[in-house]
Amino acid sequence: MWYHKPAINEELLQSLPNLKVVASSGVGIDHLDLKLLSSYGVKVASTPFVVSTDTADLGMALMLSSSRRLVEGHEMAVSPDTEYFPADWLGAEVSGATLGIVGMGTIGYKVAERARAFEMKILYHNRNQRKKEEESAVGAVYCKKIDDLLQQSDFVLLAVNLTPQTHKLIGKRELELMKPTATLINISRGLVVDQDALVEALQNKVIKAAALDVTYPEPLPRDHPLLKMKNVIITPHIGSATKKTRWVMMEEMTESIEAGLAGLPIPREVL
């Protein structure tokens, strides 16, 4: 499966009685009904670890691009109407700022490793607190309550899986807890954020900016308000989109398929 296609529903499963394994690209499995697949005796594999480094890199790229207004700056620099560069055209500092990471799994932790090099203060909220030595290695402080993280962070980065518990995790209430100078960065899934609430928060300056690699739907309708905002950067779900990583993802999917067909233990099986 690539880009969640084909849709694995009951109609498809009934038409494929010999299906043994579904290999899905990437780490998210929110598009799969695992109970339905299991009821047909079909096993599932994904590629959860290979995407982590590139996705963390993109998270940092989005944070830097938004804070230093790179897209706006590029447009100004190449515009045929530009006669001079205004001296009061300013961005925000990343170095020394507070980064709140929601979801401290493999990707979130790799973001923290990168953020430490920028001398950022790192807060994180997770279902489970990381080991003390892991926290110390990146200088991260655990926030048991997400509210505490939201209130203190200059940048809030979302790196959670999409589950019923994280569906619209960030809504109107959460956005209003954030600083008016804060930026929201989403490298997880679009549905982790209440998009209508985000539009309203950006329009009313409840928060400063957003940098999104994911939306819902993808792509957004061409008249969507997020596409017209100068304080929003949107990329086309490219967290894992490097040549090397995509190649390895394909190799891992093939390996899982071959193992499933041979009746062997499936590497990276989703249980």
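Within each chain, residue numbers correspond to sequence positions counted from 1 in written order. With the structure being a predicted model, the display of local features is reserved for residues of pLDDT at least 70 and the display and counting of side-chain atom pairs for 80 or more, all residues being used for whole-chain, interface and lining totals. Values reported for side chains reflect all heavy atoms of the structure, with hydrogen atoms and water molecules removed beforehand.

Chemist: Please give an account of the sheet that holds strand S1 (residues 21–23) that cites residues and values.
Modeler: Pairing between strands is defined by DSSP: at least two bridges between the two strands are required. Secondary structure follows DSSP: runs of H or I at least 4 residues long count as helices, runs of E at least 2 residues long count as strands, and numbering of each begins at the N terminus. As summarised here, the arrangement of the three strands in space is S1-S2-S10, forming an open sheet in which the pairing is mixed. Each having just a single partner strand, S1 and strand S10 (269–270) make up the two edges of the open sheet. Here S1 pairs with strand S2 (residues 43–45) via three bridges, running parallel. The residue bridging alanine 23 from the neighbouring strand is alanine 45, located in S2.

Chemist: Mind laying out the UniProt feature "domain: D-isomer specific 2-hydroxyacid dehydrogenase catalytic" (unreviewed entry) in the protein, listing which residues take part and the relevant values?
Modeler: UniProt positions are given in the numbering used here, feature names are shortened, and annotations may be inferred rather than shown by experiment. Taken from the UniProt record, the annotation "domain: D-isomer specific 2-hydroxyacid dehydrogenase catalytic" (unreviewed entry) applies to residues 2–270. Between the end C-alpha atoms of residues 2–270 the distance is 16 Å, and the span holds 36% helix and 13% strand.

Chemist: Can you tell me about the domain arrangement of the protein, naming the residues and giving the values?
Modeler: Delimitation of the domains relies on an automatic or database domain assignment. Per the domain assignment, the segments making up the protein are domain 1 (10–50 + 241–262) and domain 2 (52–234). Here the C-alpha centre of domain 2 lies 30 Å away from the C-alpha centre of domain 1. Any two residues whose heavy atoms approach within 4.5 Å at even a single point are treated as in contact. Taken together, the contact pairs eight residues of domain 1 with seven residues of domain 2. Accessible area, probed at 1.4 Å, shrinks when two parts are joined; the buried area is that loss added up over both. Buried surface at the junction of domain 1 and domain 2, both sides included, amounts to about 590 Å², of which 38% is carbon and sulfur. Of all residues in domain 1, the largest losses of buried area upon contact with domain 2 belong to Val27, Asp30 and Phe49, amounting jointly to 58% of the total for that side. Here, a salt bridge means any side-chain nitrogen of Lys or Arg that lies within 4 Å of a carboxyl oxygen of Asp or Glu. At the boundary of domain 1 and domain 2, one finds one salt bridge. Notably, a salt bridge pairs arginine 189 with aspartate 30, separated by 3.1 Å at the nearest N-O pair. Whenever two N or O atoms come within 3.5 Å, that pair is a polar contact, provided that in protein one can donate a hydrogen and the other can accept it, and provided that, for residues adjacent in sequence, both atoms are side-chain atoms. Counting the contacts that link domain 1 with domain 2 gives five residue pairs in polar contact (both at pLDDT 80 or more). Broken down by class, the residue content of the side of domain 1 that touches domain 2 amounts to four nonpolar, three polar and one charged. Residue type decides the class: Asp, Glu, Lys and Arg count as charged, Ala, Val, Leu, Ile, Met, Phe, Trp, Tyr, Cys and Pro as nonpolar, and the leftover types, Gly among them, as polar.

Chemist: Quick rundown of the sheet that holds strand S7 (residues 183–186)? Include the residues and the values.
Modeler: One open sheet accounts for seven strands, arranged S5-S4-S3-S6-S7-S8-S9; its pairing is parallel. The open sheet has two edge strands, strand S5 (140–142) and strand S9 (232–234), and neither has a second partner. Neighbour-to-neighbour, the strand axes of the sheet open up by a mean angle of 15°, direction not taken into account. With three bridges joining them, strand S8 (residues 209–212) and S9 adopt parallel strand pairing. Counted as the bridge partner of alanine 211 is isoleucine 233 from S9. Fitting a line to C-alpha atoms yields each axis, with helices limited to the stretch in contact; the angle taken between N-to-C directions then spans 0 to 180 degrees. Contacting S7, S8 and S9, helix H9 (residues 195–203) crosses the sheet at an angle of about 140° to S8.

Chemist: An account of helix H10 (residues 243–261) is needed here, citing residue identities and associated values.
Modeler: Given 3.6 residues per helical turn, the α-helix brings residues three or four places apart onto the same face. Here a helix's expected span is defined as the number of its residues, less one, multiplied by 1.5 Å. Along its 19 residues, H10 runs 27 Å from first to last C-alpha, staying within 8% of the 27 Å computed at 1.5 Å per residue. Here's how the labels work: a residue is buried when its accessible area is under 20% of the maximum for its type, exposed when over 50%, partly exposed in between, all with a 1.4 Å probe on protein chains only. Where H10 is concerned, the buried positions are Thr245, Met249, Glu252, Met253, Ser256, Ala259 and Gly260. Along the long axis of H10, the arc covered by the buried residues comes to 130°, so they all point the same way. Residues of H10 that are exposed and point over 90 degrees away from its buried face: Lys243, Lys244, Trp247, Glu258 and Leu261. Note that the arc is computed from the directions linking the helix axis to the C-beta atoms.

Chemist: Describe unusual backbone geometry, with residues and values.
Modeler: Cis geometry marks the peptide bond from lysine 5 to proline 6, where omega comes out at 0°. Within the secondary structure, proline 6 is located in the segment before helix H1 (10–15). Residue tyrosine 216 is joined to proline 217 through a cis peptide bond whose omega torsion reads -5°. For proline 217, the location among the structural elements is in the loop between S8 and S9. Phi is positive for histidine 4, which is not a glycine, with a value near 65°. Histidine 4 sits in the partly exposed class, given a relative accessible area of 35%. Positive phi is not limited to glycine here, since lysine 168 has a value of about 55°. Positionally, lysine 168 belongs in the loop between strand S6 (155–158) and helix H8 (172–177).

Chemist: Account for the nonpolar core, with residues named and values stated.
Modeler: One finds Leu99 and Ile101 to be the most contacted residues of the largest nonpolar core, which totals 30 residues. Elements with a minimum of two residues in this core: helix H3 (52–67), strand S3 (98–102), helix H5 (106–117), strand S4 (121–125) and S6. With residues near it in sequence (within four places) discarded, leucine 99 still touches Met63, Val111, Ala115, Met120, Lys121, Ile122, Leu123, Ser153, Phe155 and Leu157. The nonpolar core is taken to be a set of buried Ala, Val, Leu, Ile, Met, Phe, Trp, Tyr and Cys residues, with the residues joined through side-chain atoms within 4.5 Å. In this structure, Leu149, Val192, Ala201 and Leu226 belong to the second largest nonpolar core, which totals 29 residues.

Chemist: Describe the environment of serine 39, and please don't skip the residues or the numbers.
Modeler: Inspection of the secondary structure puts serine 39 in helix H2 (residues 34–39). Each C-alpha atom, one on serine 39 and one on serine 95, is 51 Å from the other, the two residues being 56 residues apart in sequence.

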